[in-house]
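In case you want the letters, here they are:
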Amino acid sequence: MNGSSETATRLKSIAKYLLCLVAGASLSLAFPRGSQLDAAWFGLVPLLILLRFSKPREGFRYGFIFGLAFWMCSISWLMELRNNEGPVLLVAFGLLGLSVWCSLFLGLFGLVTSFLWQGGDAPTGGWRRNWFEAWRPLAVALLWCGAEYLRSTVFSGFAWNALGVSQATMLSIIQISSVGGVYAVSFVIVLLNGGVAGSAVRIWRNVRRLPDITKRHFDLMIALSVVLTVFVWGGYRVKAMRAAELRAKQVSIAAVNPDLPCIFVSNDEEWRRGYRTLSDHTKTAAMFKPDLIVWPETVLYDNMPNEILEADVLGFAEQIGAPILAGGTELRKTASGEELVYNSSFLFTTNNTIGGTYRKQHLVPFGEFVPFDKTLKILQKLAPAGVSCTPGSGPVVLDFAGVGVKASPLICFEDTVSDLSRAAVKAGAQLLIAQSNDAWFYGSSEAKQHHAQAVFRAVENGVSMVRCSNRGVTAVVTAYGLSTDDASGGFFSQQVAVPTSGGGTIYTKVGDWIFGIPCALLFGGFLVVMGKKRWSDERSN
C-alpha cells in the first residue's frame, strides 16, 4: 500500500508540473504571432488554482515552470539569430538564460501567492470566508503587477510581453494604461483570472457536495465589475480621443522600410538592391509632399560624422524637398583620445544642415554592450557587432520643416521602455518617432511583438507614434492605440494628428508611482514578511 501511495503521489506531482508547462505555453498564444487574446483572460487559472493549495516552496516551483514554458515559447524568435552568424549553441543558451531570468520573477510570484493563501483556505466559514475569498484575488493581481514591474526594471530590465500587451488591439481595455501604464491592464486581466479560479474551486466543492459550501462568487463579481468599468470608460475615452483627433493639427509623415539585410549579410547585391529600394520609395513618398520622411535605425551606409555621407543625404533631402530622419552609427573621440560609439538618429534638413542628433539612451545588454566592458575593455569584443556602444544622455526634441511640430526619436527597443517616452513628452514632444531594425529576427514573431509593446507608449502619453522599421512593422499608432496597416517592405505617407497643446496624460505626469511602483513595494513587502517569518521559525526551533 505504501508503494502504491508513493507512486500516486509522484504521479500527481508530475501531473502538476505538466499542467504548469502546458498552461505557460498556452498563455504565449495570447501574444503575436498566436494573437489569441482570450487566452490571457483564462490562461492563468490553472496556475492560480495550484498556488492556492500549495506551500510556498511548491508555489515557487510551479510559478517558475509555468514561466519557463511561457518565455521559451514567447521569445523563441531569439533563435533567428542563428541565421545571422550567431552560433546555435550560444543563441540557445541566450534564449534559455533570458527565459530562466524572467521565470524567476514568476517563481517569486508563486512563492508569495502561495504564502498569501496558506492556512486560510478552509472550504467553509461564513462571511469571514466570503471576505477572505473576495480580497485575495485583488492582492494576487497586485502582486503579479509588482513582479512584472521588477522584471521590467531590475538591472536595466526586460520590458517585454507584460500580460497587458496581449490586449494591444483591444482599444477600450488598453485606455487604462493612460493612468497606470501597461501594468494596469495586466491587473485587470489577472483579477479576472483570479475570479474565475476562485469560482472554479467553489463549483468543484459544490459538485462534491461538501457541507456548508458557499455559492456566492464575490471575487468573480468584483472582477467582472472592474472589467466592465474599464471597458466602458475606455470606450468613452476612445470616442473622445477620436473627436479630438479631428480637431488636432495634422502633419504629413512618410516612412520607408527598405528591406535591407542584417548587418552580417555580406551579399553585396542584396545590399545594393536594398539601397535602391530605399531611394526609389523615398522619391515616391516625396511626391505626396510630406513634412518629414523617416528612415529606419542604422540605415546609413557609413559611420557619422562623414562629409561624403552627409553631403549625399543632405543633397538628397534638398532634391526631394523634405527633411529626412535617418538612423546610423556615430563615432566620436574624447579629449583623451578614447573612441565612443553611439547608435544615433540624425535630422537631415533641406537647407544643407543637420538639424539635430539623438543618441540612443537605453542600450541592449549583450547586444550593444557587455556589462562591465568599460572597465574590462576585452569584453567589448564579445558584443555581436564587435564594438560597445555608449548611451546618450537624454531625450531630444526636434522641430522639423518649420511646421511647428516637435517630435522626439526613440531607437529600437526604447519603445518598450515607458520612462523614455514619458521623458520625451514631458520635454515637449507632440509626436514620438520610433526607428528600428528588426532584420536580426526577420521572419519571426519578434516584429509584431515589438509593435505591440510600442502601442502602449502612445496610449500612455496620449500622443501618436510613427514606427519605421527595417524588416519590421512600419505604421502609425494613434494616441489611443489604433495602428494603421503595416507598410513592411514598402512605405507609407499619411496625415498624423498632433495635439496643439502638447501631449500628456496622468501617466505622463506621475508615471509608475501611481501603480507599478506601489505594486512592486507590496511584492517586496511580502518577501520581507516571509523572510522574517522563516527566520523567526528557525530561531524558535
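Below or above, wherever it landed, is the structure these notes cover. Everything numeric in this text was worked out from a predicted model, so none of it was measured.

Rules behind the numbers
- Residues numbered from 1 in each chain as written.
- Predicted model: local features only at pLDDT ≥ 70, side-chain atom pairs only at ≥ 80, totals over all residues.
- Heavy atoms only, no water.
- Helix = DSSP H or I, 4+ residues; strand = E, 2+ residues; numbered from the N terminus.
- Buried < 20%, exposed > 50% of the residue type's maximum accessible area, 1.4 Å probe, protein only.
- Areas by Shrake-Rupley, 256 points an atom, 1.4 Å probe, with all protein chains shown as cover.
- Lys, Arg positive; Asp, Glu negative; His and termini not counted.
- Charge placed at Lys NZ, Arg CZ, Asp CG, Glu CD.
- Phe/Tyr/Trp six-rings, centres within 6.5 Å; stacked < 30°, edge-to-face > 60°.
- Lys NZ or Arg CZ within 6 Å of the ring centre and 35° of its normal.
- Core = buried A, V, L, I, M, F, W, Y, C linked by side-chain atoms within 4.5 Å.
- Contact = heavy atoms within 4.5 Å.
- Pairing = 2+ DSSP bridges.
- Right-handed = clockwise from strand over helix to strand, strands pointing away.
- Expected span 1.5 Å × (residues − 1).
- Salt bridge = Lys/Arg side-chain N within 4 Å of Asp/Glu carboxyl O.
- Disulfide = S-S within 2.5 Å.
- 1 Å grid on protein atoms, 1.4 Å probe; cavity = no way out; pocket = protein on both sides within 12 Å on 5 of 7 lines; lining within 4 Å.
- Points joined across faces, edges and corners; volume = space filled by probe spheres on them.
- Nonpolar A, V, L, I, M, F, W, Y, C, P; charged D, E, K, R; others polar.
- Axes fitted to C-alpha atoms, helices over the stretch in contact; angles between N-to-C directions.

**Describing the overall build of the protein**
Of the regular secondary structure elements, the protein holds 16 helices and eleven strands. Taken over the C-alpha atoms alone, the protein extends approximately 85 × 55 × 40 Å along its principal axes. The burial tally for the protein puts 52% of its 541 residues in the buried class. Summing over all exposed atoms, the protein offers an accessible surface of approximately 24,100 Å²; the carbon and sulfur share of this is 62%. Looking at the protein, you have 48 positive and 40 negative side-chain charges, and the mean spots of the two groups are 13 Å apart.

**Description of the packing of aromatic side chains**
Per the stated rule, a full pass over the model turns up 17 aromatic pairs. Here Phe70 and Trp71 contribute two aromatic rings whose centre-to-centre distance is 5.0 Å and whose plane-to-plane angle is 75°, an arrangement assigned as edge-to-face. As far as burial versus exposure is concerned, Phe70 and Trp71 are alike and both buried. Members of the aromatic cluster, joined through ring pairs, are Phe31, Phe70, Trp71, Trp77, Phe158, Trp160, Phe413 and Phe441. Geometry around Tyr507 places Arg422 over its ring, the cationic atom sitting 5.9 Å from the centre.

**Observations regarding the nonpolar core**
Residues Leu44, Phe109 and Leu163 are the most contacted members of the largest nonpolar core, which totals 97 residues. A total of eleven residues in this core trace back to one element, the largest contributor, which is helix H9 (residues 182–207). With residues near it in sequence (within four places) discarded, Leu163 still touches Leu27, Phe31, Ala40, Leu44, Trp144, Glu148, Ser186, Ile189 and Val190. Listed in part, the 23 residues of the second largest apolar core include Trp271, Leu278, Met304 and Ala326.

**A few points about unusual backbone geometry**
The omega torsion across Pro32 and Arg33 is 15°, close enough to zero to call that bond cis. With respect to the element layout, Arg33 can be found in the loop between helix H1 (2–27) and helix H2 (38–42). With an omega dihedral of -5°, the bond running from Met304 to Pro305 counts as a cis peptide bond. Within the secondary structure, Pro305 is located in the loop between strand E2 (292–294) and helix H12 (307–320). The backbone phi angle of Thr298 is positive, close to 45°, even though this residue is not glycine. The phi dihedral of Asn352 falls on the positive side, at around 70°, and the residue is not glycine. Secondary-structure assignment places Asn352 in the loop between strand E4 (339–348) and strand E5 (354–359).

**Re the pairing of strand E8 (residues 431–437)**
In terms of burial, E8 is largely enclosed, as seven of its seven residues are buried. Taking every second residue as pointing to the same face, both faces of E8 are buried, with Leu431, Ile433, Gln435 and Asn437 on one and Leu432, Ala434 and Ser436 on the other. When strand E7 (residues 406–411) meets E8, the two strands line up parallel, connected through five bridges. In the strand pairing of E8, Pro409 is matched with Ile433. With respect to chirality, the unit in which E7 leads through helix H13 (residues 418–426) into the neighbouring parallel E8 is right-handed. Across seven bridges, the pairing between E8 and strand E9 (residues 464–470) is parallel. Paired with Leu431 across the bridge in E9 is Ser464. In the classification by handedness, the crossover that spans E8, the intervening helix H14 (residues 446–461) and the parallel E9 is right-handed.

**Thoughts on helix H11 (residues 268–286)**
Here H11 contains 19 residues, and its C-alpha end-to-end distance of 27 Å stays within 8% of the 27 Å for a straight helix at 1.5 Å per residue. Those residues of H11 that are buried lie in contact with strand E1 (249–256), E2, H12 and strand E11 (491–498).

**Thoughts on the pattern of salt bridges**
Evaluation of the coordinates by the stated rule reveals twelve salt bridges. Ionic pairing is found between Arg471 and Asp259, a salt bridge with its closest N-O pair at 2.7 Å. You can see Arg471 sitting in the loop between E9 and strand E10 (475–477) and its partner Asp259 sitting in the loop between E1 and H11, a full 212 residues away along the chain. Residue classification places Arg471 among the buried positions, given a relative accessible area of 15%. With a closest N to O distance of 2.9 Å, Glu460 and Arg457 form a salt bridge. Remark: Arg457 and Glu460 occur in helix H14; sequence separation between them is three residues, near one turn of the helix.

**Examining the state of the cysteines**
Scanning the model with the defined rule gives zero disulfides in all. Of the cysteine sulfurs around Cys102, a residue in no disulfide, the closest is that of Cys73, at 14 Å.

**What to know about empty space enclosed by the protein**
Applying the stated criterion to the full structure yields four cavities of 30 Å³ or more. Among the secondary structure elements, those contributing two or more residues to the lining of the largest cavity are helix H4 (56–74), helix H5 (88–117) and helix H6 (126–153). Among the elements that line the lining of the largest cavity, the one with the most residues is H6, at four residues. Classifying every residue of the lining of the largest cavity by side-chain character gives eleven nonpolar, one polar and two charged. Looking at the second largest cavity, its volume works out to about 90 Å³.

**Examining H13**
Among all positions in H13, only Ser418, Leu420, Ser421, Arg422, Ala424 and Val425 are buried. Where H13 is buried, its residues meet E7, E8, H14 and helix H15 (506–510). A positive phi of about 120° marks Gly428, the residue just after H13.

**Observations concerning the sheet that holds E4**
By way of backbone hydrogen bonds, the strands of a sheet pair with one another, either parallel or antiparallel. One open sheet accounts for six strands, arranged E5-E4-E3-E2-E1-E11; its pairing is mixed. Taken across any chain shown, the strands that pair with only one partner, and hence form the sheet edges, are E5 and E11. For this sheet the average axis-to-axis angle between neighbouring strands, irrespective of direction, equals 40°.

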